[in-house]
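# Descriptive analysis of the structure
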Amino acid sequence: MRPILLGVLSSFFFAVTFVLNRMMELNGGSWLWSASLRYLFMAPFLLAVVIGRGNLAPLLRLMKQDLSRWVLWSTVGFGLFYAPLCISAAYSPGWLVAGTWQVTIVSGSLLAPLFWQSPEAGGAPVRGRIPRKGLAISLVILAGILLLQANHARSLSAAEVLGGILPVLVASFAYPLGNRKMMALVDGRLDVFQRVLGMTLASLPFWLVLAVAGLATAGVPGPGQVAQSLIIALSAGVVATGLFFQATDLVRQDPARLAAVEATQSTEVLFALLFEVLLLSAPLPGSIAWAGIGIIVIGMIWHSAAHASA
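These notes cover the structure that comes with them. The structure displayed is predicted, hence computed values, not measured ones. (Residues numbered from 1 in each chain as written. Predicted model: local features only at pLDDT ≥ 70, side-chain atom pairs only at ≥ 80, totals over all residues. Heavy atoms only, no water.)

### Examining the nonpolar core
With 73 residues, the main nonpolar core has Trp-70, Phe-81, Tyr-82, Leu-85, Trp-101, Trp-207 and Phe-245 as its most contacted residues. Excluding residues that lie within four positions of it along the chain, Trp-70 makes contacts with Leu-59, Leu-62, Met-63, Met-182, Leu-185, Val-186, Leu-190, Arg-195, Gly-198, Met-199 and Ala-202. (Core = buried A, V, L, I, M, F, W, Y, C linked by side-chain atoms within 4.5 Å. Buried < 20%, exposed > 50% of the residue type's maximum accessible area, 1.4 Å probe, protein only. Contact = heavy atoms within 4.5 Å.)

### A look at the pattern of salt bridges
On inspection of all chains with the given rule, the structure shows 3 salt bridges. With its nearest N and O atoms 3.1 Å apart, the salt bridge here joins Arg-53 to Asp-191. Placement of Arg-53 in the loop between α2 (31–52) and α3 (56–65) and of Asp-191 in the loop between α8 (158–186) and α9 (192–202) is noted, with a sequence separation of 138 residues between them. In this structure, Arg-69 and Asp-66 form a salt bridge, with 2.7 Å as the shortest nitrogen-oxygen distance. (Salt bridge = Lys/Arg side-chain N within 4 Å of Asp/Glu carboxyl O. Helix = DSSP H or I, 4+ residues; strand = E, 2+ residues; numbered from the N terminus.)

### Quick word on the packing of aromatic side chains
Counted by the stated rule, this structure contains 16 aromatic pairs. Judged by centre distance (5.3 Å) and plane angle (90°), the ring pair of Phe-12 and Phe-13 falls under edge-to-face. Overall, the relative accessible area of 32% leaves Phe-12 in the partly exposed class. Ring centres of Phe-81 and Tyr-82 lie 6.0 Å apart, and the angle between their planes is 50°; on these two criteria the pair is classed as tilted. Judged by its relative accessible area of 3%, Phe-81 is buried. Following the ring pairs from residue to residue traces out a cluster consisting of Phe-14, Tyr-39, Phe-78, Phe-81, Tyr-82, Trp-101, Tyr-175, Phe-206, Trp-207, Phe-244 and Phe-245. (Phe/Tyr/Trp six-rings, centres within 6.5 Å; stacked < 30°, edge-to-face > 60°.)

Below, the structure written as structure tokens:
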């Protein structure tokens, strides 16, 4: 149960991202700064933590051994995950982005055949298989999320739907792909803070390019956007990412349990809805939306029960 609980807790802090990104867009902030500032702010905080724990040198040695793959999969896992989420905030409210993001529950399960597993009893590695039971439960959770968003989606234009959904679909595959590739590359040799710092440093070229583009097109970010980006960096970038990576590390050898941990991110839509009601005075959901919430909760309990004893 511990990986499941860590996953749910991480989703609480991740949900801050969707609401604050939308607030920055509504206030005229550029998505280029929203995306890049988060990781530029994350780097010094994580660096201080890793140095304080005396773990910087082992991280740098490991990164030096295969720097190209560190840059590639960190850019996929962080860059192609977060930049599209910031783009989508320009077209859709936070609740829709959070709801669409739950496609990652299914995306993570579909990625299993891209990875090889070592059998417990020895022998040659075998290609991973899609965990059918976990995928079926994930689809139940996803159905609840679609029901939750049904009434809201009817009021959106085609541009809002496409602009809000397509970038998130890219992010939904990029995040678990980059995370899993980095877990395979690291193979348990680094702790969570080392891995998050390493991926942040390796993806810095991508964020610096976005920052330069933001400076050229939108000028210097305003103090409000800087402050909100700092909150996202600490809440989602350091706390939530650390909790989620710790949860996935605990079950990295078991595709079914890994899918269950990734499914905990479905609770982000519930937390995002709560935050929007409290911070943006969004209306409370209707009866159909509450039915969707009920399905999500049932799916989460089912997912947890199915893998708690694994």
